[in-house]
Amino acid sequence: MTAALLLGALAGLGLLAIAAGLAPRRVSLASALEAILREPRPPLVTLDQGGWAARLGRPAAGLLAGLGLPTRSLRADLALLGRPPERQLAEQATAAITGLLLAPALAGLLAAAGIIVPWQLPAAGALALAAAGLTVPALAARQEAAARRAAARHALAAFLDLVVISVAAGAGVEAALTYAAAAGRGWAFTQIRRALDTARLTRRPPWEALGQLGGELGISELTELAASITLAGTEGAKVRASLTSRAAAIRARQLSDAEATAQAATERMSLPLVLLFAGFLLLIGFPAVVHVLTGI
């Protein structure tokens, strides 16, 4: 029975690969034009080709790519992490195949030990583990990207403070942006410096480069900052007051996010306490209940 399950799983994977090869995913006209017209930019971080899981699942990455994976939002997260989509698909394929073969292998071990389980259980377990192996790496990548965006927002608040200080000292907007970017360290400040250098070399306003960087990173605060600086540079708005209010808004959002995270952690901690209290009551009341039942 285990051999039949393995053969059926391999046959299903083969049919899926044939279907994906005969009907490749069509690229939309908007995506094709965006790839042609998009300005070449260096990667956000150094690309990581991955370890043994990526090498093992690389032959199956094309199959998942033919199914339309990864999605557009996940591609943005992978670009933020500096992780090629091929590596992500290879790791997902390795995890899915491992999950698909794990349940039949366990059923085979039980059968060798003399324990026979119905074939429906290994089949359902194989499908469930394969689906989990396909989705868990994607969820992990999204969590890593969210953590990096949160760190970038913290760095952006400090960057705005430095810009305000430079403007208050009499520097212009472009000079203040350059001074503030040069004063910081870390991944976020490196990306800001790279965007400003690109704007200077291409003779574009620096706030346009910051707005483009905010779109690539998925950080709305950076895009709003670029809009505020654009207003200040073209219509003579009070740039110092605008940047100060923007920094205050970012801090307020960070504070609200921290409070929400703390409240969620507090709620998660209440469940183990309730279970522990219920177990304590059961431990105290069990002898009395047994004594009453045996006395009757």
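Let us look at the structure shown here.

Here we come to the packing of helix α6 (residues 85-112) against helix α7 (residues 120-168). Following both chains from N to C, one finds α6 and α7 inclined at 155°, their axes separated by 7 Å at the closest point. As summarised for this structure, α6 and α7 are arranged roughly antiparallel, according to the angle between their axes. When the axes of α6 and α7 are compared, the crossing they make is right-handed. Across the interface between the two elements, Gln88, Gln92, Ala95, Ala96, Gly99, Leu100, Leu102, Ala103, Pro104 and Ala107 from α6 touch Pro122, Gly125, Ala126, Leu129, Ala130, Gly133, Leu134, Pro137, Ala138 and Ala141 from α7. When the residues that make up the contact of α6 with α7 are grouped by side-chain class, the tally is 15 nonpolar, 5 polar and no charged.

This part takes up unusual backbone geometry. Even without a glycine there, the phi angle at arginine 203 is positive, about 60°. The topology assignment puts arginine 203 in the loop between α9 (187-201) and α10 (206-217). Overall, the relative accessible area of 79% leaves arginine 203 in the exposed class.

On to helix α12 (residues 239-295). With 57 residues, α12 ought to run about 84 Å at 1.5 Å a step, and its terminal C-alpha atoms sit 84 Å apart, in line with that. Within α12, the axis deviates most sharply at glycine 285, by approximately 40°, and proline proline 287 lies no more than four positions further along. Where α12 is concerned, the buried positions are Val239, Leu243, Ala247, Ile250 and Gln254.

On to the nonpolar core, then. Among the nonpolar cores identified, the biggest contains 40 residues, and Phe159, Val163, Leu225 and Leu243 are the most heavily contacted of them. Looking at this core, the elements that each hand over two or more residues are α5 (72-81), α7, α8 (173-183), α9, α10, α11 (220-235) and α12. Here the element with the most residues in this core is α7; it accounts for 12 residues. In this structure, leucine 243 is in contact with Leu160, Val163, Val164, Leu225 and Ile229, ignoring residues within four places of it in sequence. Counting 6 residues, the second-largest nonpolar core is a separate cluster that includes Ala54, Ala61, Leu64 and Ala93.

All told, the structure shown has 9 salt bridges when counted by the stated rule. Ionic pairing is found between arginine 149 and aspartate 77, a salt bridge with its closest N-O pair at 2.8 Å. Of the two residues, arginine 149 sits in helix α7 while aspartate 77 sits in helix α5, which places them 72 residues apart along the sequence. Taking the shortest distance from any N to any O, the salt bridge between arginine 246 and glutamate 224 comes out at 3.0 Å. With arginine 246 in helix α12 and glutamate 224 in helix α11, the pair connects residues that are 22 residues apart, well separated along the chain. Here the salt bridges do not stand alone but share partners, grouping Asp77, Arg142 and Arg149 into one network.

What counts, and at which threshold
Residues numbered from 1 in each chain as written. Predicted model: local features only at pLDDT ≥ 70, side-chain atom pairs only at ≥ 80, totals over all residues. Heavy atoms only, no water. Axes fitted to C-alpha atoms, helices over the stretch in contact; angles between N-to-C directions. Helix = DSSP H or I, 4+ residues; strand = E, 2+ residues; numbered from the N terminus. Parallel < 35°, antiparallel > 145°, perpendicular 65-115°, else oblique. Left-handed = near helix turned anticlockwise from the far one by under 90°. Contact = heavy atoms within 4.5 Å. Nonpolar A, V, L, I, M, F, W, Y, C, P; charged D, E, K, R; others polar. Buried < 20%, exposed > 50% of the residue type's maximum accessible area, 1.4 Å probe, protein only. Expected span 1.5 Å × (residues − 1). Bend = angle between axes of the 7 residues up to and from the residue. Core = buried A, V, L, I, M, F, W, Y, C linked by side-chain atoms within 4.5 Å. Salt bridge = Lys/Arg side-chain N within 4 Å of Asp/Glu carboxyl O.

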